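The lines below spell out each chain.
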Amino acid sequence: MPDYEPVIGLEVHAQLRTRSKMFCSCPADYQAAPPNTRVCPVCLGLPGTLPVINREAIRSIVMTGLALHCEIAQETKFDRKNYAYPDLMKGYQISQYDLPICHDGYLEIEVNGERRRIGIERVHMEEDVAKLFHRVDPATGEGYSLVDVNRSGVPLMEMVGRPDLRSAEEARAYLVAYRSILQYLGVATGSMEEGSFRCDANVSLRLRGESALGTKVEVKNMNSFRAVYRAIEFEIERQSEMLDKGERISMETRGWVEEKGITVSLRSKEEANDYRYFPEPDLPPLHVEPAWVAELEELLPELPEARRARFMAAEDANGYGLSEYDASGLTDSPALADYFEEAVGAVREGHGGDEAPKRVANWMLSELASHLNAANAGIDDSPVRPSDLAGLLALLESGTLGTTQAKAALEAMYESGKPAAQVVEELGLAQVTDSGEIAGAVAQAIAENPSAVADFLGGKETAAKFLVGQVMKATRGKANPGIVAGLVAEQLGALKQ
Ligand SMILES: [Zn+2]
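Residues numbered from 1 in each chain as written. Predicted model: local features only at pLDDT ≥ 70, side-chain atom pairs only at ≥ 80, totals over all residues. Heavy atoms only, no water.

A. Quick look at the side chain of E5. Inspection of the secondary structure puts E5 in strand β1 (residues 4-15). In this view, E5 contacts R166, S204, L205, R206 and R208; residues no more than four positions away in its chain are not counted. (Helix = DSSP H or I, 4+ residues; strand = E, 2+ residues; numbered from the N terminus. Contact = heavy atoms within 4.5 Å.)

See below:
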């Protein structure tokens, strides 16, 4: 079979978190608002209204462009993209055609230990469209659609990547890295599930070693990172099979069908729209002052790459000495990284303790992460605050809790939102460290298990372990295992003589 090389490019739309919409003063925060309550004559597309450019949106896109190593255009403009669809109130969308605000940048990704630089063709500004709800009248069985105009005019930033990606895994890493940058900049929430972050993929194949591009297929309707990965995998497979059979790939737009795990044809190239772009006559050309851009560059926060490197750096270099795995996992989102730094600070403030960063990282990435995942929640929603996690680690460090009890305590803390000490008190989780009390339990285990004792006396050392297990069971795991093991050895030793 011939060896095909996938060629993938992504186009990503991100809604910006500005206070107002792109061209009017309606609030841009529409997700929770009742339908058609975030509207005005401008975003309703009424005749005689004039758009005004949102400066905050321009600031956000310039910061994004800088973080993506793009050139920032000094002279730019808006254009009308014309098409007729009920979600478009004016019959055209204000977008940018030939003079995007940002162009020619790149994003670095790392997949399977290999770092690659993925080109970015452009990042431009446009406005979102209204939302349609398709319904069926139960009385007549007839279909109809409802329009919610709240989303119309929300600032939408489109990033067009170059076709530099070579696998579904790389595409996912690129998308995750891009979203991470937007979150660090604070310009977008980047939620695919909520629809504030949307991705289309252009996928084509060519024989490995060839430089000419194959016929590309555009894939839409992917609503999660996982869907993007699966849709691209499916498309690579589908196109390979067609090429193997000597069939031609047709240029088309296909939609991902999540339930079936396939892509289906939506429209062919012949049906493609001619958008008849022309400069938006209601808006003056936009001049971006280089001095302002330089000012914004100074304001760029520490970005994911830099923060990851710092988390791996030695402590005397302001780092935490974390492994690459931990550092990557903890710097995915700024909220996660902030939580980590706050928790480490609280541990150090509380009782010091060795290896605070490593221990916080372990508990965050395993136990806490599994509670969050099970609840489909983000770190921002965690009922266990950084100081609470530090409190739990302090009890573990002091020996008040063993690992098993600490896990149980975290679960209860997650469910109740109460601090560690309170949960441990209420559930009676504290470890028994009183050797007098433990010695009694050890004596009882020895009395109740004569055959194990005989085995031990006969030279079978592992029988002692069995007795430790019996004591742990009798104390419901609350005895300090180190003390139990010491006392078992001591009492068995006395029997030997
Ligand atoms: Zn409005």
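Now that the structure has been shown, we can carry on.
B. View of the pairing of strand β14 (residues 262-268). Bridge count between strand β13 (residues 252-257) and β14: six bridges; the pairing is antiparallel. Paired with E252 across the two strands is S268, which belongs to β14. Following β13, the chain reverses through four residues before pairing antiparallel with β14; G261 in that reversal takes a positive phi of roughly 70°. (Pairing = 2+ DSSP bridges.)

C. Spotlight on the packing of helix α5 (residues 304-312) against helix α6 (residues 324-331). Packing of α5 against α6 brings their axes to within 9 Å, and their N-to-C directions diverge by 140°. In terms of axis orientation, α5 runs oblique to α6. The handedness of the crossing between α5 and α6 comes out as right-handed. Here P304, R307, R308, F311 and M312 of α5 come into contact with α6, specifically with E324, A327, S328, L330 and T331. (Axes fitted to C-alpha atoms, helices over the stretch in contact; angles between N-to-C directions. Parallel < 35°, antiparallel > 145°, perpendicular 65-115°, else oblique. Left-handed = near helix turned anticlockwise from the far one by under 90°.)

D. Molecular detail of the packing of aromatic side chains. All told, the structure shown has ten aromatic pairs when counted by the stated rule. Each ring, one from F23 and one from F78, has its centre 5.6 Å from the other, and the planes form 85°; the classification is edge-to-face. In this pair, F23 sits in the loop between β1 and α1 (55-67) while F78 sits in the loop between β3 (75-76) and β4 (79-82), placing the two residues 55 residues apart along the sequence. Here F23 and F78 have matching classes, each one buried. The interplanar angle of 45° and the centroid separation of 5.1 Å between the aromatic rings of F311 and F340 together place this pair among those described as tilted. Of the two residues, F311 sits in helix α5 while F340 sits in helix α7 (residues 334-350), which places them 29 residues apart along the sequence. Judged by its relative accessible area of 0%, F340 falls in the buried class. Within the aromatic cluster, the residues linked to one another by ring pairs are Y83, Y97, Y275 and Y277. Positioned above the aromatic ring of Y92 is the side chain of R80, whose terminal nitrogen or guanidinium carbon lies 3.9 Å from the ring centre. Taking NZ or CZ as reference, R172 lies 4.2 Å from the ring centre of Y229, over its face. (Phe/Tyr/Trp six-rings, centres within 6.5 Å; stacked < 30°, edge-to-face > 60°. Buried < 20%, exposed > 50% of the residue type's maximum accessible area, 1.4 Å probe, protein only. Lys NZ or Arg CZ within 6 Å of the ring centre and 35° of its normal.)

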